Amino acid sequence: MSMALKQVFNKDRTFRPKRKFEPGTQPVPAPKYMSLLMDWIEVQINNEHIFPTNVGTPFPKTFMQVAKKILSRLFRVFVHVYIHHFDRVSQMGAEAHVNTCYKHFYYFVTEFNLTDHKELEPLKEMTSQMCH
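Residues numbered from 1 in each chain as written. Predicted model: local features only at pLDDT ≥ 70, side-chain atom pairs only at ≥ 80, totals over all residues. Heavy atoms only, no water.

Comments concerning helix H4 (residues 95–111)
Keep this limit in mind: Each helix is a run of DSSP H or I of at least 4 residues and each strand a run of E of at least 2, with the numbering of both proceeding from the N terminus. By this rule the span expected of a helix is its residue count minus one, scaled by 1.5 Å. Partly exposed describes any residue whose relative accessible area lies between the buried limit of under 20% and the exposed limit of over 50%, with all areas from a 1.4 Å probe on protein chains only and scaled to the type maximum. This arc corresponds to the set of directions leading from the helix axis out to the C-beta atoms.
A rise of 1.5 Å per residue sets the reference length of H4, with its 17 residues, at 24 Å; its end C-alpha atoms lie 24 Å apart and thus fit the reference within 8%. Among the residues of H4, those classed as buried are Val98, Asn99, Tyr102, Phe105, Tyr106 and Val109. With its buried residues spanning 125° around the axis, H4 presents them on a single face. In H4, the exposed positions angled more than 90 degrees off the buried face are occupied by Ala96, His97, His104 and Glu111.

Have a look at this one:
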């Protein structure tokens, strides 16, 4: 597991945000982290200064940095699901759906170099079996 993920992901199913992107930086239970994360992503995506919606409006210089941060944090969701909840995903018969979703995510971020390859290490073995 990469050092970045070790800093935010631990065995007691809490996340410890490295940087302040939500009120406070205290450890929060995984469901709360997921909720805060999705709220934060929604704010970023709806910010027309980051994601312009008008034709001809240029993207800001920070666009790639923000997009990579969003994708990196979404990857943490995949890590959490695969490590802590995949047995439940399988019981629900949703394994193929989650695997397909992850496969598309993986291909997208690797094709366009949108995440540090060290970030992908926690699911490296599973990814190599699924995507190759």
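A short note on the nonpolar core
In plain terms, the rule: Working definition of a nonpolar core: buried Ala, Val, Leu, Ile, Met, Phe, Trp, Tyr and Cys residues. They are joined through side-chain atoms within 4.5 Å. Only heavy atoms matter for contacts: two residues are in contact if any of them lie within 4.5 Å across the pair.
Counting 16 residues, the largest nonpolar core has Phe75, Phe78, Tyr82, Tyr102, Phe105 and Leu123 as the members making the most contacts within it. Residue assignment for this core shows that the elements contributing at least two residues are helix H3 (63–91) and H4. Here this core takes seven residues from H3, the largest share from any one element. Beyond its immediate chain neighbours, meaning those up to four positions away, phenylalanine 105 contacts Leu71, Leu74, Phe75 and Phe78. Within the second largest apolar cluster, 13 residues are counted, among which are Trp40, Phe51, Ala67 and Val77.

Overview of the packing of aromatic side chains
Here is the rule: Aromatic pairs are defined between Phe, Tyr and Trp rings, using the six-membered ring for Trp, whenever the two ring centres lie within 6.5 Å; interplanar angles under 30 degrees are classed as stacked, those over 60 as edge-to-face, and all others as tilted. A ring is scored as having a charge over it whenever the NZ atom of a lysine or the CZ atom of an arginine sits within 6 Å of its centre and within 35 degrees of its normal.
All told, the structure shown has eleven aromatic pairs when counted by the stated rule. Consider the rings of phenylalanine 78 and tyrosine 102, whose centres lie 5.2 Å apart with planes at 65°: the pair is edge-to-face. With a gap of 24 residues between them, phenylalanine 78 in helix H3 and tyrosine 102 in helix H4 connect regions that are remote in the sequence. Like phenylalanine 78, the residue tyrosine 102 is buried in the burial classification. Linked through ring pairs, Phe75, Phe78, Tyr82, Phe86, Tyr102, Phe105, Tyr106 and Tyr107 together constitute an aromatic cluster. In this structure, arginine 73 packs its charged tip against the face of tryptophan 40, placed 4.6 Å from the ring centre.

Remarks on the UniProt feature "binding site: Zn(2+)" (unreviewed entry) in the protein chain
Applied cut-off: UniProt positions are given in the numbering used here, feature names are shortened, and annotations may be inferred rather than shown by experiment.
UniProt annotation of "binding site: Zn(2+)" (unreviewed entry) refers to His80 and His85 when read in the numbering used here. Residue classification places histidine 80 among the buried positions, given a relative accessible area of 4%. Position of histidine 85 among the secondary structure elements: in helix H3. Owing to a relative accessible area of 29%, histidine 85 belongs among the partly exposed residues under this scheme.

Digging into the side chain of glutamine 44
Considering the arrangement of structural elements, one finds glutamine 44 in helix H2 (residues 30–46). Given a relative accessible area of 13%, glutamine 44 falls into the buried group. Apart from residues no more than four positions distant in its own chain, glutamine 44 is found in contact with Ile50, Phe51, Val66 and Ile70.

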